[in-house]
Amino acid sequence: MPKNRIKMEKRKSEQYLLPLKKTESAKGMYDLYPSLKLEGGKIASRIDSLVQQLAGHETIIIDGYIGVFYDMIQETINAEFEKIGKKVAWFDINSALKPEAEIDKLIAPFLGSDDPIFGTRATCSLSDIYDKEKLDAMQPDVSADVNIIIGVGASLAAWEGTLLYIDLPKNELQFRARAKSILNLGASKADEIKPMYKRFYFVDWVVLNKHKQSILSQVDYFVDEQRIKEVTWMKGDDVRDGLQKMASNVFRVRPWFEPGAWGGQWIMDKIDGLNKDVPNYAWSFELIVPENGLLFESDGKLLEITFDCLMFQETEAVLGQHSEQYGSEFPIRFDFLDTFDGGNLSVQCHPRPEYMKEHFGENFTQEECYYILDAGKDATCYLGFQEGINPEEYEKDLLHSFENKEAIDITKHVQILDSNKHDLFLIPPGTIHGAGINNLVLEISSTPYIFTFKMYDWMRLDMDGKPRPINIERGMHNLYFDRKGEYVKEKLISHPYVLEEGSDWKLYHLPTHEKHSYDVHRLHLNTEVEVKTENRCHVLSLVEGQSISIVTENGMKQRFNYAETFVIPAATGSYRIINESEGEVMLVKAFMK
């Protein structure tokens, strides 16, 4: 069993832990652990080395994210201070929490009542769940050698001292939640994963991200705690310098992968280094930034921080002319949907913008495209309605299926199209759709990703053996029934044309729908070409060929391989794409309009 795979009650997942040290990927091989390489000595490991660094500090604040094992951190730090003969007075920020019933009342409006999936983005703050009088009463013990206050929001106690921030990637947070080894913010006991995730998404992550943004510039040390027995840490200034370097060159987030009810075998077969002892892989989180992290590397050691840190510090550099519109919310998403030898996705739609804002509190909605990275035999895509669609009959059939647990012929209402490699299907909000079997979909979208109204799910069960939630009523409120017949071929399938060309390259425009806020280009290249950002952020994926190199105007050079997604921030200015493959390469590029 690999050293970085753990089986314990604190973590429920077949996915491997991030290794302490990186092994370089071969040219042309998908890199599971993309990182920004820093000079030597920037990343240290283990708590004992951290305590040595802190030995001369008398007042320490240990803040951090939900899901961190603060009790284990405290125990280990305390033991290390004892070794050097120092007495520590500990203060637990949780002792200043308001009563749980009061916290529950505060957050109830954001949890969507008994809705199993959806709530509304919280408008409260982290400080609202703490008792100010209790916070103010927490004062350092003058008789102790070292005073440490620890826990989520510890900096709210307003101590003057050395500030540590312990971060935890969202994938590991969810793996711990599945094991019921962690709690939601202010909760006294763990719940099942779906209600815990809903509370994480709509409350905990919202208030914690605002808090993190407020203290990011003050953090003296960042700690990556996902390997609890082998944490890594960096000085705050080094992290902030690394983020600045990313924001003016090129970066790739750390992807992560999940099985699913309809999952396929393409990812399993094509991407080395993943655990193969799973039934399938349905998703690759290539660039779903609310749940991705960024890796730093120094002397081979890896440290991960959450993507939002980059946006909190470098919004303008990353987004350029769109920074004022989107603020710290990165607006583009890339991910894989794998149905090779798997199943159909649900027949579904996404909310219209006004519905998204009113019901969920989100600033923009889920606008999707399906770029077909690969297609097998008889690959299909469900998209748009049949010419003769009758909304009442459609709803009636869906309700009959749901209430009687009977399959229906969905193609009576919804078109089914052939799906071919490098097709681009357009899915503006309110469009009925779903990928069929034998596709590897590169899903290009605006960032929101959980707001899917499943209307028909083929009578199957989820991975937990229970039916997945169906949202017929919400779907009916958002569908456009005039997206039917010939409209689908004319307006919901992109028709590429050559926009520019040089001696050995062509730039194709793959027009998106008028309701899409982003656009798509595809570059065909034999040797190399220079591209200007024009103060826009570019998101790219190598969709044909083995590998390319990016050389930025600021001097950074980095290789990217087939199926990898990477980001060129607006502040990069210009970059060269160099073909390292034997034949022509193709890259898809998305950017905001």
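Reference entry: report on the structure contained in this document. A quick note: this is a predicted structure, and the numbers were derived from the prediction, not measured. (Residues numbered from 1 in each chain as written. Predicted model: local features only at pLDDT ≥ 70, side-chain atom pairs only at ≥ 80, totals over all residues. Heavy atoms only, no water.)

1. What about the packing of helix H7 (residues 236-246) against helix H9 (residues 308-319)?
No. 1: Put simply, H7 and H9 touch, their axes get as near as 10 Å, and they point 75° apart. It follows from the interaxial angle that H7 and H9 lie roughly perpendicular. Here H7 contributes Arg240, Leu243, Gln244 and Met246 to the contact with H9, which in turn contributes Cys309, Leu310, Gln313 and Glu314.
No. 2: Taken together, the residues of the contact of H7 with H9 break down into four nonpolar, two polar and two charged. (Axes fitted to C-alpha atoms, helices over the stretch in contact; angles between N-to-C directions. Helix = DSSP H or I, 4+ residues; strand = E, 2+ residues; numbered from the N terminus. Parallel < 35°, antiparallel > 145°, perpendicular 65-115°, else oblique. Contact = heavy atoms within 4.5 Å. Nonpolar A, V, L, I, M, F, W, Y, C, P; charged D, E, K, R; others polar.)

2. Considering helix H6 (residues 193-215)
No. 1: The principal kink in H6, of about 50°, is found at Phe200.
No. 2: The buried fraction of H6 is high, at 17 of 23 residues. (Bend = angle between axes of the 7 residues up to and from the residue. Buried < 20%, exposed > 50% of the residue type's maximum accessible area, 1.4 Å probe, protein only.)

3. Considerations on the nonpolar core
No. 1: By size, the foremost hydrophobic cluster in this structure holds 186 residues, and its most contacted members are Phe296, Phe330, Tyr394, Ile444 and Ile577.
No. 2: Ignoring anything within four residues of it in the chain, the contact list for Ile444 reads Arg333, Phe334, Glu367, Glu368, Cys369, Tyr371, Tyr518, Val520, Val588 and Ala590.
No. 3: The next biggest cluster of nonpolar side chains, apart from the first, holds 15 residues, and it includes Trp262, Ala282, Leu337 and Leu492. (Core = buried A, V, L, I, M, F, W, Y, C linked by side-chain atoms within 4.5 Å.)

4. Regarding H9
No. 1: End to end, H9 covers just 13 Å across twelve residues, shorter than the expected 16 Å (1.5 Å per residue, more than 12% under).
No. 2: Summarising burial for H9: ten of the twelve residues are buried, a large majority.
No. 3: Of the residues making up H9, those classed as buried are Asp308, Cys309, Leu310, Met311, Phe312, Glu314, Thr315, Ala317, Val318 and Leu319.
No. 4: The first or second residue beyond H9 is Gly320, which carries a positive phi of 55°. (Expected span 1.5 Å × (residues − 1).)

5. Quick look at the sheet that holds strand E24 (residues 518-525)
No. 1: The strand order across the open sheet built from six strands is E22-E23-E24-E31-E26-E29, with neighbouring strands paired in antiparallel fashion. The two strands at the open ends of the sheet, each matched to only one other strand, are strand E22 (497-501) and strand E29 (565-568). With direction set aside, neighbouring strand axes in the sheet form an average angle of 30°.
No. 2: As paired elements, E22 and strand E23 (residues 505-510) share four bridges and run antiparallel to each other. Looking across to E23, one finds that Glu500 is bridged to Leu507. (Pairing = 2+ DSSP bridges.)

6. Notes on the environment of Asn171
No. 1: Within the fold, Asn171 resides in helix H5 (residues 170-178).
No. 2: Its relative accessible area of 4% is what places Asn171 among the buried residues.
No. 3: Residues Asn171 and Val51 lie 120 residues apart in sequence; the distance between their C-alpha atoms is 28 Å.
No. 4: Residues in contact with Asn171, not counting those within four places in the same chain, are Arg254 and Trp256.

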